[in-house]
Amino acid sequence: MSVTPINTERISVVQDFKEITKMRLALSVVFSSMAGYLLGVDVISWSTLLLLAIGGYFMVGASNAFNQIIEKDLDKLMDRTKNRPIPSGRMSVNSAFLIATLFTIAGISVLYSINPKTAMFGAISIFIYVSLYTPLKTKTPLSVFVGAIPGAIPFMLGWVAATNEFGIEPGTLFMIQFFWQFPHFWAIGWFLFEDYKKGGFFMLPTGKRDQGTAIQVIVYTIWTIVTSLVPVFGVTGKLYLTPVSGVIILFLGLILLKSAIRLYKVRDAKAAKQLMLMSVLYITILQVIYVADKFIRLWI
């Protein structure tokens, strides 16, 4: 069966929309915010959960679209980004800007319908990502630190959406995802080092794939594990994790740490890619365990 030009064009438009909003990344962010909501809520409101998912996608999609507008000339220089909608010429800057603007307005509005604090943190996330993180990527390795702030908001955003409060609980969720991002993004910066170099991006803490960077990856991996286990000790308010779940997360953390140590030993792109994949697995399973632990305790 042949594909008509109209169908091909439609497929291209959908694909470009997915790329300009970075759908896979956006969905992972939505997953984090939904996990945070389930941790904070007493009685699940499915309508609120749906609004959080939609609003969260809009906010991440807007951030990514603005990012690609700003970096359109640099994206042309890198293999991994040169075929994105704007640098390839498939989408105009005006079209991308319209998507980004509409997504920003829609995202803030949807999150505001949940509660004002949720909308506020969503707006802060877009501002930091677009106005600070994006321009700093070509200036200083500290851009990763700045970018870790909006990157850590989704997990805590769900709790705020559920409770309309910000305290030790969402603060802990924020810190878990904040520290996690350093080994995750430094691993990406390591195995994409040459490509990032073409665009003039400074992603590694020392600017090089060296011992200093590898040591910092290990240090922040340890911080990620420690922060993830803090709720086991009952010092984070309503956010609590049973010792059994804590042991499981510790086991996962040690596997993550093993990947970080391997990067230190061999210092190659393969080890960095393995660390990146393990970091994604770690944060995903951690969030599932946190949510499962809460509801198992409620049902027992």
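Residues numbered from 1 in each chain as written. Predicted model: local features only at pLDDT ≥ 70, side-chain atom pairs only at ≥ 80, totals over all residues. Heavy atoms only, no water.

A word on the pattern of salt bridges
Stage number 1. Taken as a whole and assessed by the stated rule, the structure comprises nine salt bridges.
Stage number 2. A salt bridge links Glu-71 to Lys-137, with the nearest nitrogen and oxygen atoms 3.0 Å apart. Here the residue Glu-71 occupies a position in the loop between α3 (46-70) and α4 (72-75), and Lys-137 occupies one in the loop between α6 (116-136) and α7 (143-163), the gap between them amounting to 66 residues.
Stage number 3. By relative accessible area, which is 3% here, Glu-71 ends up buried.
Stage number 4. Between Asp-75 and Arg-84 there is a salt bridge, and its shortest N-O distance comes to 3.2 Å. There is no split in this pair, since Asp-75 and Arg-84 are both buried.
Stage number 5. Because the salt bridges share partners, they merge into one network encompassing Asp-79, Lys-82, Asp-195 and Lys-198. (Salt bridge = Lys/Arg side-chain N within 4 Å of Asp/Glu carboxyl O. Helix = DSSP H or I, 4+ residues; strand = E, 2+ residues; numbered from the N terminus. Buried < 20%, exposed > 50% of the residue type's maximum accessible area, 1.4 Å probe, protein only.)

Overview of the packing of α7 against helix α8 (residues 168-191)
Stage number 1. The geometry of α7 relative to α8 is characterised by a closest axis approach of 7 Å and an angle of 140° between their N-to-C directions. Between α7 and α8, the interaxial angle falls into the category oblique. Considering the relative orientation of α7 and α8, their crossing is right-handed. Of α8, the residues touching α7 (which contributes Val-144, Phe-145, Gly-147, Ala-148, Ile-149, Gly-151, Ala-152, Ile-153, Phe-155, Met-156, Trp-159 and Val-160) are Glu-169, Pro-170, Leu-173, Phe-174, Gln-177, Phe-178, Gln-181, Phe-182, Phe-185 and Trp-186.
Stage number 2. Tallied by class, residues from the contact of α7 with α8 come to 17 nonpolar, four polar and one charged. (Axes fitted to C-alpha atoms, helices over the stretch in contact; angles between N-to-C directions. Parallel < 35°, antiparallel > 145°, perpendicular 65-115°, else oblique. Left-handed = near helix turned anticlockwise from the far one by under 90°. Contact = heavy atoms within 4.5 Å. Nonpolar A, V, L, I, M, F, W, Y, C, P; charged D, E, K, R; others polar.)

Thoughts on a nonpolar patch on the surface
Stage number 1. Taken together, the side chains of Ile-215, Val-219, Ile-222, Trp-223 and Val-226 make up a nonpolar region of the molecular surface, amounting to roughly 420 Å² of accessible area.
Stage number 2. Turning to its location among the elements, Val-226 is positioned in helix α10 (residues 211-229). (Patch = residues over 30% accessible without salt bridge, like charges linked within 9 Å, V, L, I, M, F, W, Y side chains within 5 Å. Areas by Shrake-Rupley, 256 points an atom, 1.4 Å probe, with all protein chains shown as cover.)

Some thoughts on unusual backbone geometry
Stage number 1. The backbone of Lys-22 sits at a positive phi, close to 50°, despite the residue not being glycine.
Stage number 2. Along the chain, Lys-22 turns up in the loop between α1 (5-20) and α2 (23-40).
Stage number 3. With a phi angle near 60°, Asn-164 is a residue other than glycine that sits in the positive phi range.
Stage number 4. Tracing the sequence through the fold places Asn-164 in the loop between α7 and α8.
Stage number 5. Asn-164 sits in the partly exposed class, given a relative accessible area of 32%.

As for the packing of aromatic side chains
Stage number 1. Throughout the structure, instances matching the rule amount to 17 aromatic pairs.
Stage number 2. Measuring from ring centre to ring centre gives 5.9 Å for Phe-66 and Phe-97, while their planes differ by 70°; the resulting arrangement is edge-to-face. On the criterion of sequence distance, the pair formed by Phe-66 in helix α3 and Phe-97 in helix α5 (residues 93-114) is long-range, its members being 31 residues apart.
Stage number 3. Phe-97 gets classed as partly exposed once you look at its relative accessible area, which sits at 47%.
Stage number 4. Of note, Arg-267 hangs over the ring of Tyr-264, and the distance from its end group to the ring centre comes to 5.4 Å.
Stage number 5. Lys-273 extends its terminal NZ or CZ atom over the ring of Phe-191, reaching a point 5.2 Å from the ring centre. (Phe/Tyr/Trp six-rings, centres within 6.5 Å; stacked < 30°, edge-to-face > 60°. Lys NZ or Arg CZ within 6 Å of the ring centre and 35° of its normal.)

Here we look at α10
Along an α-helix, residues three or four positions apart point the same way, because every turn accommodates 3.6 residues.
Stage number 1. With 19 residues, α10 extends 28 Å between its outermost C-alpha atoms, agreeing within 8% with the 27 Å of an ideal straight helix rising 1.5 Å per residue.
Stage number 2. Within α10 the residues assigned to the buried category are Thr-213, Ala-214, Val-217, Ile-218, Thr-221, Thr-224, Ile-225, Thr-227, Ser-228 and Leu-229.
Stage number 3. The inward-facing, buried residues of α10 abut α8, α11 (243-266) and α12 (269-299).
Stage number 4. At the N-terminal end of α10, a side-chain oxygen is found 3.3 Å from the backbone nitrogen of Gly-212, two or three residues along, and the residue is Asp-210. (Expected span 1.5 Å × (residues − 1). Polar contact = N/O pair within 3.5 Å; in protein donor to acceptor, adjacent residues only side chain to side chain.)

As far as function goes, none of this settles anything; it's purely spatial.
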